[in-house]
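Summary of structural features
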Amino acid sequence: MNCLLCHSPYNPIANWRQLLFLEDFDVLCPRCRGAFQLIDGRLCEMCGRSLEESAPSICADCLDWEEDERWRGVLAKNRSVYVYNEWMKEVIALWKFRGDYVVAEAFRQPLTAVFRRDFGSGWQLVPIPLSAERLHERGFNQAEALARLLPLPSVPWLARKHSEKQSKKSRRERLETDNPFFLSGHPPINGKRIVLIDDIYTTGVTVRHAARVLLEAGAAEVGSLTLVRA
Amino acid sequence: MYILPSSVASPLVSWLNGQRLLREQLPFPDEDIAAAVQAGLLHEQPGLIKTARAWRCVRCGNDDPHLFASFPCARCGSDCTYCRKCLVMGRIGTCTRLVHAALLLPSERYEAPFTWDGELSAAQAEAAQAVCQAVLDRSELTVWAVCGAGKTEILFPAIAAALENGERVCLATPRIDVVRELAPRFRQAFPRVPLAVWHGGSEERGRIAPLVLSTTHQLLRAYRAFDVMIIDEVDAFPYSVEPMLEYAASQARKEQSSLIYLTATPSRVWQLDIRRGRRNAAVIPARYHGCPLPVPAFEWCGNWRKRLERGRLPQNVLAWVLRRLEQGKQAFLFVPRIDELEAVTRLLQRVNPTIVGVHAEAPDRAEHVQAFRDGRVPLLVTTTILERGVTVPNIDVAVLGAEDRIFTESALVQIAGRVGRHAAFPDGDVRFFHHGKTNAMVRARRHILRMNEEAKKRGLLRR
Ligand SMILES: [Zn+2]
Ligand SMILES: [Zn+2]
Ligand SMILES: [Zn+2]
Ligand SMILES: [Zn+2]
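Here is what the cut-offs are and how they apply
For every chain, the first residue of the written sequence is number 1, and numbering continues from 1 along that sequence. Throughout, the order in which chains and ligands are written sets their labels, letters from A for the former and numbers from 1 for the latter. Reporting in this predicted model follows two pLDDT cut-offs: at least 70 for local features of residues, and 80 or more for side-chain atom pairs to be given and counted; totals over whole chains, interfaces and linings ignore these cut-offs and use all residues. Excluding hydrogens and water, the side-chain figures rest on all heavy atoms present in the structure. UniProt positions are given in the numbering used here, feature names are shortened, and annotations may be inferred rather than shown by experiment. Per the convention used, a helix needs a DSSP run of H or I reaching at least four residues, while a strand needs a run of E reaching at least two, with both numbered from the N terminus. Buried means the residue's accessible area, taken with a 1.4 Å probe over protein chains only, is under 20% of the maximum for its type, while exposed means over 50%, and partly exposed covers the values in between. What makes two residues a contact is simply this: any of their non-hydrogen atoms within 4.5 Å. Residue exposure ignores everything except the shown protein chains as possible cover, and the areas themselves are Shrake-Rupley values with a 1.4 Å probe. In this tally Asp and Glu are treated as negative and Lys and Arg as positive; neither His nor the chain ends contributes. We put the charge of a Lys on NZ, of an Arg on CZ, of an Asp on CG and of a Glu on CD. Residue count minus one, scaled by 1.5 Å, sets the expected span of a helix. The directions considered for the arc run from the helix axis to the C-beta atoms. Here the quantity called buried area is the accessible surface, traced with a 1.4 Å probe, that two parts lose on coming together, added over both. A pair is scored as a salt bridge if a Lys or Arg side-chain nitrogen falls within 4 Å of a carboxyl oxygen belonging to Asp or Glu. In protein, a polar contact means a hydrogen-donor-capable atom and an acceptor-capable atom, both N or O and within 3.5 Å, with residues adjacent in sequence counting only if both atoms are side-chain atoms; elsewhere, any N or O pair within 3.5 Å suffices. Three residue categories are used. Nonpolar comprises Ala, Val, Leu, Ile, Met, Phe, Trp, Tyr, Cys and Pro, charged comprises Asp, Glu, Lys and Arg, and polar comprises the others, including Gly. The donor set covers N, O and S atoms within 2.8 Å of the metal, switching to 3.2 Å for Na, K and Ca, and it leaves out water, so a site may look short of donors. For a four-donor site, all angles between 85 and 135 degrees give tetrahedral; for four or six donors, opposite pairs above 155 degrees with the remaining angles between 65 and 115 give square planar or octahedral; all remaining cases count as irregular. The split into domains, and so the bounds of each, comes from an automatic or database assignment of domains. One requirement defines pairing of two strands: DSSP has to find at least two bridges between them. With axes taken as lines fitted to C-alpha atoms, and helix axes fitted only over the stretch in contact, angles between N-to-C directions fall between 0 and 180 degrees. Patch members must show over 30% relative accessible area and no salt bridge, and they are joined within 9 Å when carrying like charges or within 5 Å when they are nonpolar side chains of Val, Leu, Ile, Met, Phe, Trp or Tyr.

As recorded by an unreviewed UniProt entry, chain B carries the name ComF operon protein 1 and is attributed to Geobacillus icigianus.

An unreviewed UniProt entry lists chain A under the name Phosphoribosyltransferase domain-containing protein, from Geobacillus icigianus. Per UniProt, chain A has the following entry under Sequence similarities (unreviewed entry): "Belongs to the ComF/GntX family."

Focus: the overall build of chain A
Scanning chain A for helices and strands turns up 9 helices and 6 strands. Once the C-alpha set of chain A is aligned to its principal axes, its extents read approximately 55 × 45 × 35 Å. The 230 residues of chain A split such that 49% are buried. Put simply, of all contacts in chain A between residues at least 6 apart along the chain, 74% involve residues at least 24 apart. About 11800 Å² of surface is accessible on chain A, with carbon and sulfur atoms providing 52% of the total. Positive and negative charge centroids in chain A, built from 31 and 29 side chains respectively, lie 2 Å apart.

Some points on helix α3 (residues 122-137) of chain B
All names here are of chain B. With 16 residues, α3 extends 23 Å between its outermost C-alpha atoms, agreeing within 8% with the 22 Å of an ideal straight helix rising 1.5 Å per residue. Those residues of α3 lying buried are A123, Q124, A127, A128, V131, A134 and V135. Looking down the long axis of α3, one finds its buried residues gathered within 130 degrees of arc, a one-sided arrangement. Those residues of α3 that are exposed and angled more than 90 degrees off the buried face are A122 and L136. Turning to α3, the residues buried within the fold contact β8 (140-145), α4 (151-164), β12 (226-232), β13 (253-263) and β14 (281-284). Count one or two residues on from α3 and you reach R138, which has phi positive near 55 degrees.

What about the interface of chain B and chain A?
Each side of the interface is counted separately: chain B has 15 residues, and chain A has 17 residues. Of the roughly 1300 Å² buried at the junction of chain B and chain A (both faces included), carbon and sulfur atoms supply 52%. Its largest share of buried area at the contact with chain A, chain B owes to R75(B), R84(B) and R91(B), together 39% of the area lost on that side. The closest approach of N and O atoms between R84(B) and D100(A), which form a salt bridge, is 2.9 Å. Run the count over chain B and chain A and you get 10 residue pairs in polar contact (both at pLDDT 80 or more). By residue number, the principal contributor to the side of chain B that touches chain A is strand β5 (residues 68-72) of chain B, which donates 4 residues. Looking at the side of chain B that touches chain A residue by residue, the classes come out as 10 nonpolar, 1 polar and 4 charged.

Observations regarding the coordination of the zinc ion (ligand 3)
Residues and elements named next belong to chain B. Distances from the zinc ion (ligand 3) to its protein donors, C57 (SG), C60 (SG), C83 (SG) and C86 (SG), fall at 2.2 to 2.3 Å. All donors to the zinc ion (ligand 3) come from one chain, and their sequence spacing reads C-x2-C-x22-C-x2-C. With a gap of 26 residues between them, C60 in the loop between β4 (55-57) and β5 and C86 in the loop between β6 (79-83) and β7 (97-101) connect regions that are remote in the sequence. Accessibility assignment for this pair places C60 and C86 in one class, buried.

Here we look at helix α4 (residues 86-97) of chain A
Residues and elements named next belong to chain A. An ideal rise of 1.5 Å per residue puts 16 Å on 12 residues; α4 measures up with 16 Å between its terminal C-alpha atoms. Those residues of α4 not exposed but buried are M88, V91, I92, W95 and K96. For α4, the angular spread of the buried residues around the axis is 110 degrees, confining them to a single face. Exposed and facing more than 90 degrees away from the buried side of α4 are E86, E90 and F97. Packing partners of the buried residues in α4 comprise β1 (78-83), α6 (132-138), α7 (142-147), β5 (193-201) and β6 (221-229). Within two residues after α4, G99 carries a phi angle of roughly 90 degrees, on the positive side.

Details of the coordination of the zinc ion (ligand 2)
Residue and element names in this part refer to chain A. In the first shell of the zinc ion (ligand 2), the protein supplies C44 (SG), C47 (SG), C59 (SG) and C62 (SG), at 2.2 to 2.3 Å from the metal. Coordination at the zinc ion (ligand 2) is tetrahedral, judged from the 4 donor atoms that bind it and the angles of 104 to 115 degrees they form at the metal. All donors of the zinc ion (ligand 2) come from a single chain, and their spacing in sequence reads C-x2-C-x11-C-x2-C. With a gap of 12 residues between them, C47 in the loop between α2 (30-35) and α3 (60-67) and C59 in the loop between α2 and α3 connect regions that are remote in the sequence. Comparing C47 with C59, the two get one shared label, buried.

Digging into the domain arrangement of chain B
Looking at the assigned domains, one finds that chain B contains domain 1 (6-101), domain 2 (122-284) and domain 3 (297-457). Using only C-alpha atoms to locate each centre, domain 2 of chain B and domain 3 of chain B end up separated by 29 Å.

Let's talk about the sheet that holds strand β15 (residues 297-300) of chain B
Residue and element names in this part refer to chain B. A sheet is described by the order of its strands in space; here 6 strands give the open sequence β15-β20-β19-β16-β18-β17, paired in parallel fashion. Strands with a single pairing partner mark the edges of an open sheet, and in this sheet they are β15 and β17 (356-358). Mean inter-strand twist for the sheet, computed between neighbouring axes without regard to direction, equals 20 degrees. Judged from the 4 bridges that link them, strand β19 (residues 395-400) and strand β20 (residues 430-434) form a sheet pairing that is parallel. Within β20, the position partnered with V399 by the bridge is F432. Across the sheet, helix α13 (residues 409-416) is in contact with β16 (330-334), β19 and β20; its angle to β19 comes to roughly 150 degrees.

Observations concerning the sheet that holds strand β9 (residues 169-173) of chain B
Residues and elements named next belong to chain B. Read from one edge to the other, the open sheet built from 7 strands follows the order β10-β11-β9-β12-β13-β8-β14, with strand pairing classed as parallel. Looking at the sheet topology across the chains shown, the edges are occupied by β10 (195-198) and β14. The mean inter-strand angle of the sheet, taken between neighbouring strand axes irrespective of direction, is 15 degrees. Across 5 bridges, the pairing between β9 and strand β11 (residues 211-215) is parallel. Counted as the bridge partner of V169 is L211 from β11.

So, a positive patch on the surface
Where like charges cluster on the molecular surface, the positive patch consists of R268(B), R275(B), R446(B) and R450(B). Secondary-structure elements contributing two or more residues to the positive patch are α8 (268-275) and α14 (439-457) of chain B.

Regarding the pattern of salt bridges
A full pass over the atoms with the stated rule returns 36 salt bridges over all chains. Among the salt bridges present, the one from D68(A) reaches R70(A), with a minimum N-O distance of 3.2 Å. Judged by its relative accessible area of 18%, D68(A) is buried. A salt bridge links R117(A) to D118(A); its shortest N-O distance comes to 2.8 Å. Because the salt bridges share partners, they merge into one network encompassing R305(B), R337(B), D339(B), E340(B) and D404(B).

This is the structure we're talking about:
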């Protein structure tokens, strides 16, 4: 078989167990797989980033959020799969910006594992949407591509207004600006536990904006699952 | 083809001039594009074509089923197949369309465009004459020139003639460093002629000029634009020219145009065709300095992989390295794989800590290469020919594991070709350490011997 990323040939069967129990084999060669770094060890209870053993149970960024009464409790928790290292930056560039959709296959197994560990079948999947303009430009929504990897159906309950690129603004400005998300139609949200799906958790603004819209519409609880914790 | 004067052509046509791009990449309103297509000023093509096996990408020629994938496309609302091979140039899928102008704007003529006062060797002059003839006849020619023959200068007279005729010339190569290195040399030789350099990082990529230097990928932008197409595959080691470059060149050149291949190591089929006169070729068997090519010596070194696992190098290999260190002569040591490179480098660093190992993807590669060039590194362990510019004047070369499949005939000829390039130091040691002689090794040696014989027969050697 050839590696999905570097295209070099490799042996996908790592052991007999895999053959006997028909486990999925890896679509990446060991070199490419090994270049991703899983988030493990002790996690921030809120945002899921890794913490030193001696650190308090919540990181400083999350403390800021929880001390702000407008945002306290809006997001139940975030969990992410991988660290945002140089390799991940390259792979994201290929997948999201160059548009190599099939690269998402490399995330199926690890994303599913984290979903099962930290959420599970009691949660409803909602991908973070793109604006219509961005969706047209890119051809696909990367958050939806991730949601499709999970063993539960996802629902398009949110939509997004087109706004200028986020990265140009400061955190403060981004917080003050209008929430870009709104409900798409009249989804049956009442009392639901919802997990938002996105590619990257950076400051946590995006998922909180989305969570607020869902909570105001009656959701019981909103968490998020992202591929990367930047 | 009827050619409109540029003042009459629509801005779309003059903007697109000679390029074939995805429709969504054109910075014009969709209505304008549609109107131009309607009026026959622009032609549209599907991006992918269905074949018996799977698909073919019209832009890059890829038809390997493994290099296509599909996705739920938000633009057309269905599952779109796309080409994974040329993604760098913008994703091309079943619902994307390629657009090119129906007409090409004319190019200017340049009077006496050429200011080069160098001199061609007898062998170079002969080949230059053949290139001129091919350009005149709009035919195909292979220039088979040994490593260090001085290939670039051979092109100058023919390029000058083409520019005087108002023709467009493109030189394409798989390697970006070759494009970067050639640009100043071409600017110097043709100072009054606009030159466009196309690579991933250049602003002028895609801009049609009388003279264009391009990498493989960027050449995919051009369509039926050039009268003279030169494919330079120098030192493409260890990979032979990607089929993509062939395809890109076939699309970028006009139907009536000349096609010149520059190569030091043609494939076996090509060598045979050239020998039998079935392929039009100019052979330059001698280096510009007129000394014969150093011939590789073979030396058996036992099961070196096993020794390496035990943390040792074969005796004779170690002795070869120690000898160079003693003499203070710089050397390359080639090994087949990256993990072996790391192991060998670690062992040699015990002998001399300034020895370094570098492979093609190593992030600090440029630094190490510079250190080697400056003479601060006595020996460089490597898996690949690093850069064309790495011609250290006085150098020896050894291959450890020359029997490995990665060392093809052409790879070995290229490796041997590193040695003795400078007129002041035309000799040097080329040694293939092996655990069982291969056909590739024998053919590489025979290749070099034949070139030396022919050079002698044609009176091109000074000694
Ligand atoms: Zn790989
Ligand atoms: Zn946190
Ligand atoms: Zn393609
Ligand atoms: Zn489509």
